[in-house]
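A closer look at the structure
What follows is the residue order along each chain.
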Amino acid sequence: MKFKPLGDRVLVKRSAEGDQKSAGGIIIPDTAKEKPQRGEIIAVGPGGTKDDGTLIPMNVKKGDQVLFGKYSGTEIKLDGEEFLIMREDDILGTLQK
Amino acid sequence: MKFKPLGDRVLVKRSAEGDQKSAGGIIIPDTAKEKPQRGEIIAVGPGGTKDDGTLIPMNVKKGDQVLFGKYSGTEIKLDGEEFLIMREDDILGTLQK
Amino acid sequence: MKFKPLGDRVLVKRSAEGDQKSAGGIIIPDTAKEKPQRGEIIAVGPGGTKDDGTLIPMNVKKGDQVLFGKYSGTEIKLDGEEFLIMREDDILGTLQK
Amino acid sequence: MKFKPLGDRVLVKRSAEGDQKSAGGIIIPDTAKEKPQRGEIIAVGPGGTKDDGTLIPMNVKKGDQVLFGKYSGTEIKLDGEEFLIMREDDILGTLQK
Amino acid sequence: MKFKPLGDRVLVKRSAEGDQKSAGGIIIPDTAKEKPQRGEIIAVGPGGTKDDGTLIPMNVKKGDQVLFGKYSGTEIKLDGEEFLIMREDDILGTLQK
Amino acid sequence: MKFKPLGDRVLVKRSAEGDQKSAGGIIIPDTAKEKPQRGEIIAVGPGGTKDDGTLIPMNVKKGDQVLFGKYSGTEIKLDGEEFLIMREDDILGTLQK
Amino acid sequence: MKFKPLGDRVLVKRSAEGDQKSAGGIIIPDTAKEKPQRGEIIAVGPGGTKDDGTLIPMNVKKGDQVLFGKYSGTEIKLDGEEFLIMREDDILGTLQK
């Protein structure tokens, strides 16, 4: 079963906490500030709709490693696996090797 | 009796909870986050109105299996059956086999 | 005496509760959610105003059977009869036989 | 002394409560909902300003019998007589014989 | 010393309360509603800025007798005299003899 | 070290309270209303960005004597001297001799 | 590992407090007002999206010394080093020698 996000939404697979600290070297400081989380883009919507009815293309693509706010998105399970659905604007940026 | 949604609204038939767990493999995790729900699009409105008065076409169509937020939409009964009326923007995405 | 709604407003004659259950088969479930109500469009305004000053035509017309939110609109009495004035956007959709 | 409303504002002479019940047949139900009131348009502004700086013409004119929300507008006295200044958008519609 | 308002602001000299009751015949009713006040336009800004960067011209001019809300504007003193700076949109209308 | 404001921001050197009362003749009345303050524009940003990506030019320039709300802007110290950074829209107007 | 900000976001390396006071001569006054902080732009996003889908170019670039509000941005750690991700609009201005 495949999930296709609508509009400017993306489907994100959150990285395990262990991954965050070892693989990517990202350590989230223990403060009261919103803490970003890491994940991989699994699917992207077609993009938001412009005033003239055409699409604004998405800036992220399948496979992108991204950071996003801890409280961004809606949790879903597809075929037993957990994912997040969020708007592209909730994504802070991409990680590149 | 047939219901025709106005503007960018859709009429959705919510899937039974049993269906959600067996048929589609969607299991909603037991957290404090907003939990999406599954349903089928029964009818779609003509679309929202652009600034120049023409329509922005809808991105979902009759028969689409969709996910939406638990608290999205307004419940109605038509000919004894329960439905939800919501705006297209409340739909997170579509499920495809 | 005739009432002409201004802008994108409509004048609605709410259906009696008895009508809602027998004639149209609409039964409103007893939940905490907003419950839609049924009525008939009695008069429609010319439509909202576009940025260039021309009108966005209305999508409902006199005689339409419509559903709307329970708390939508302003109650008025014209020649002893009760009506509701609401904006077109408060109308969820139309019922067709 | 003459008052000229600015922008999309109108000057309204509220009808006496007695008028409302006898002449126009409008009786305001005793509920918690916002209750519309009746009045006559005494003067209208030139209209709101479009993005390109030209005017959006007004939809009401001097002499129109109108309904408006009970809490709409600002009360003023001109030459000893009470009036209301409100925006055109606060007017629900017009009454025609 | 001369004050030049910026954007769509105006400099207003509030009329004395005595003036309001005798000269213009304006008496402000003693209710809980916002009460308009009278004044004279002393200086006007060039106007607000349109989306394309040009100016939306002002609708009031130096010398206009205007009504405005009691709590509109910011009080300043220039050369010992009290004035109000407010946006043109805070002005309800003009008084003409 | 030179500070260059971004977008439609300006760098302002607040006038000493003594200056306000003697030089310019501005005396701020002792009321509960927001009290404007006087200062000099030290640097201006390039201007806000229009929808088409070009700049909306600034209406104030280096050296302008301006009035602004007491609580406008962010305080900074550059090379030991105190300044305010604020948006051009926070400036009420300019003073000219 | 390299982080690429999305949209109109920037990656900022905050200057140490010691740097702020000695090198740049910036001393933040001890008041209740929001206090700006200094940092260096490490990476910039492609820019925000215009209504027609093209990009609004960024006004800051890699290497710029900037001031920003104390509570702006989201803290992240990349390869053990702390950074801030914020929107370009959160940047008050740039410092030039």
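To start, this report covers the structure provided alongside it. If you're wondering where the values come from, they're calculated on a predicted model, not measured in any experiment.

Let's shift gears to the relation of the copies chain A and chain G. Rotating chain A by 51 degrees and translating it 0.0 Å along the rotation axis places it on chain G, where the RMSD comes to 0.0 Å. A different interface surface on each copy is seen, since only 4% of the contact residues of chain A are contact residues in chain G too.

On to the interface of chain A and chain G. Buried accessible area, meaning the area lost when the parts come together, often serves as the stated size of an interface. Opposite the 25 residues of chain A that make contact, chain G presents 26 residues. Of the roughly 2200 Å² buried at the junction of chain A and chain G (both faces included), carbon and sulfur atoms supply 57%. Taken together, chain A and chain G are joined by one salt bridge. A salt bridge links Asp89(A) to Arg87(G), with the shortest nitrogen-to-oxygen separation between them at 3.1 Å. Inspection of the chain A/chain G interface yields six residue pairs in polar contact (both at pLDDT 80 or more). Looking at the side of chain A that touches chain G, the elements that each hand over two or more residues are strand S3 (36–44) and strand S9 (91–96) of chain A.

Our focus in this paragraph is the sheet that holds strand S7 (residues 74–78) of chain A. One open sheet accounts for seven strands, arranged S7(A)-S8(A)-S2(A)-S3(A)-S6(A)-S9(A)-S1(G); its pairing is antiparallel. Of all strands in the sheet, those with a lone pairing partner are S7 of chain A together with strand S1 (2–5) of chain G, marking the two edges. Sheet twist, expressed as the average angle between the axes of neighbouring strands with direction ignored, equals 40 degrees. Across four bridges, strand S6 (residues 65–69) of chain A lies against S9(A) in antiparallel orientation. Paired with Gln65(A) across the bridge in S9(A) is Leu95(A).

Glancing now at the interface of chain A and chain B. Contact with chain A, which involves 26 residues of that partner, is made by 25 residues of chain B. Here chain A and chain B share an interface that buries about 2200 Å² over both sides, 57% of which is from carbon and sulfur atoms. In terms of surface lost to chain B, no three residues of chain A exceed Met1(A), Leu6(A) and Glu75(A), which account for 30% of the buried area on that side. Our count for the chain A to chain B interface comes out at one salt bridge. For the pair chain A and chain B, the interface holds six residue pairs in polar contact (both at pLDDT 80 or more). Elements with a contribution of two residues or more to the side of chain A that touches chain B: strand S1 (2–5), S7 and strand S8 (81–87) of chain A. Per element, the largest residue contribution to the side of chain A that touches chain B is five residues, and it comes from S7(A). Residue classes in the side of chain A that touches chain B are distributed as nine nonpolar, six polar and eleven charged.

Moving on to the packing of aromatic side chains. The description of two aromatic rings rests on the distance between their centres and on the angle between their planes. As enumerated under the stated definition, the model contains zero aromatic pairs over all chains in all. In this arrangement the basic side chain of Lys13(C) is found over the ring face of Phe83(C), its NZ or CZ atom lying 5.2 Å from the centre.

Take the relation of the copies chain A and chain B next. With an RMSD of 0.0 Å, chain A superimposes on chain B once it is rotated by 51 degrees and translated 0.0 Å along the axis. With a heterologous cut-off of 20% or less, the 4% of interface residues of chain A that recur at the interface of chain B puts this contact in the heterologous class.

In this section: unusual backbone geometry. All names here are of chain E. One non-glycine residue, aspartate 79, lies in the positive phi region at around 50 degrees. Inspection of the secondary structure puts aspartate 79 in the loop between strand S7 (74–78) and strand S8 (81–87). Judged by its relative accessible area of 49%, aspartate 79 falls in the partly exposed class.

Reading the values: rules and limits
- Residues numbered from 1 in each chain as written.
- Chains lettered and ligands numbered in written order.
- Predicted model: local features only at pLDDT ≥ 70, side-chain atom pairs only at ≥ 80, totals over all residues.
- Heavy atoms only, no water.
- Least-squares fit on C-alpha atoms with pLDDT ≥ 70 in both.
- Contact = heavy atoms within 4.5 Å.
- Buried area = accessible area lost by both parts, 1.4 Å probe.
- Salt bridge = Lys/Arg side-chain N within 4 Å of Asp/Glu carboxyl O.
- Polar contact = N/O pair within 3.5 Å; in protein donor to acceptor, adjacent residues only side chain to side chain.
- Helix = DSSP H or I, 4+ residues; strand = E, 2+ residues; numbered from the N terminus.
- Pairing = 2+ DSSP bridges.
- Axes fitted to C-alpha atoms, helices over the stretch in contact; angles between N-to-C directions.
- Nonpolar A, V, L, I, M, F, W, Y, C, P; charged D, E, K, R; others polar.
- Phe/Tyr/Trp six-rings, centres within 6.5 Å; stacked < 30°, edge-to-face > 60°.
- Lys NZ or Arg CZ within 6 Å of the ring centre and 35° of its normal.
- Buried < 20%, exposed > 50% of the residue type's maximum accessible area, 1.4 Å probe, protein only.

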